[in-house]
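# A closer look at the structure
One-letter residues, chain by chain:
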Amino acid sequence: MTGPRAVLIGTMGAGKTTVGRRLAERLGVDFLDSDELIEERAGKSVQDIFVEDGEATFRALERDTVAWALENHEGVLSLGGGAVLDPATQALLASHQVVFLRVGLADAVKRVGLGVGRPLLLGNIRSRVKQLLDERTPVYQGLARVTVDTDARTPADVVADVLAAIAPRGEQL
Ligand code: S3P
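Reading the values: the criteria
Residues numbered from 1 in each chain as written. Predicted model: local features only at pLDDT ≥ 70, side-chain atom pairs only at ≥ 80, totals over all residues. Heavy atoms only, no water. Axes fitted to C-alpha atoms, helices over the stretch in contact; angles between N-to-C directions. Helix = DSSP H or I, 4+ residues; strand = E, 2+ residues; numbered from the N terminus. Parallel < 35°, antiparallel > 145°, perpendicular 65-115°, else oblique. Left-handed = near helix turned anticlockwise from the far one by under 90°. Contact = heavy atoms within 4.5 Å. Nonpolar A, V, L, I, M, F, W, Y, C, P; charged D, E, K, R; others polar. Core = buried A, V, L, I, M, F, W, Y, C linked by side-chain atoms within 4.5 Å. Buried < 20%, exposed > 50% of the residue type's maximum accessible area, 1.4 Å probe, protein only. Near = heavy atom within 4 Å. Polar contact = N/O pair within 3.5 Å; in protein donor to acceptor, adjacent residues only side chain to side chain. Areas by Shrake-Rupley, 256 points an atom, 1.4 Å probe, with all protein chains shown as cover.

Now for the packing of helix H6 (residues 105–112) against helix H7 (residues 125–143). Interhelical geometry of H6 versus H7 gives an angle of 125° and a closest axis separation of 10 Å. Judged on the interaxial angle alone, H7 and H6 are oblique. Here H6 runs over H7; the crossing is right-handed. In this structure, H6 uses Leu105, Ala108, Val109 and Val112 to contact H7, whose residues at the interface are Ile125, Arg126, Val129, Lys130 and Leu133. For the contact of H6 with H7, the residue count by class is seven nonpolar, no polar and two charged.

Shown next as structure tokens:
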């Protein structure tokens, strides 16, 4: 199968970017973050896309970008927390090695800090994170082949678990 070695999903604060970079290093492959590619393509930050063009525009860009990356990126891919809500993206993910990085409320809130650069966290950060976790956790779980807990764990520990769980290239479904 071509496409990413692993696709990391989970909410903001799950550690997708941190873990994704380290995982890619361990596997000797490139790392790609869907938000970074969207920013490159749009020529502005995710925050600015939300503010200037609206969330619907961001989601459309995100759908196209993720579809491109699933087809063309062969390293580790991490997806923005909301990318998996799109039905077309969900259908594409069915044939990929999807890894859900699970995080509970307390650790997610700690990791996002003041939520700078994360437009969906404007307002009360704790209640927004809780709402997103409640709404999305079942979606992440439904799409994942592998789930790795990240609460109170270091990125190195999480990476070790992901490495142990993902099938070597050639044995993927
Ligand atoms: C979003 C998560 C963000 C980014 C955008 C929307 C979401 O990515 O795509 O702000 O809907 O959860 P991270 O999960 O990488 O922070």
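Right, let's talk about the nonpolar core for a bit. In this structure, Leu8, Leu23, Val99, Leu101, Val129, Val148 and Val162 are the most contacted members of the largest nonpolar core, which totals 31 residues. A per-element tally of this core places H7 first, with four residues. Residues contacting Val99, with those up to four places away along its chain left out, are Ala6, Val7, Leu8, Ile9, Val146, Val148, Val162 and Ile166. Counting residues in hydrophobic clusters, the runner-up holds 17 residues, among them Val66, Leu93, Phe100 and Leu143.

So, about the site of the ligand. The ligand sits among 14 residues. The nearest are Lys16, Asp35, Arg59, Gly81 and Arg136. Residue Lys16 places a side-chain N or O atom 2.8 Å away from an oxygen atom belonging to the ligand. Burial of the ligand by the protein chains amounts to 95% of its free accessible area of 380 Å². Of all the elements, helix H4 (residues 55–72) adds the most residues to the shell around the ligand, at three residues. When grouped by side-chain class, the residues that make up the shell around the ligand number five nonpolar, three polar and six charged.

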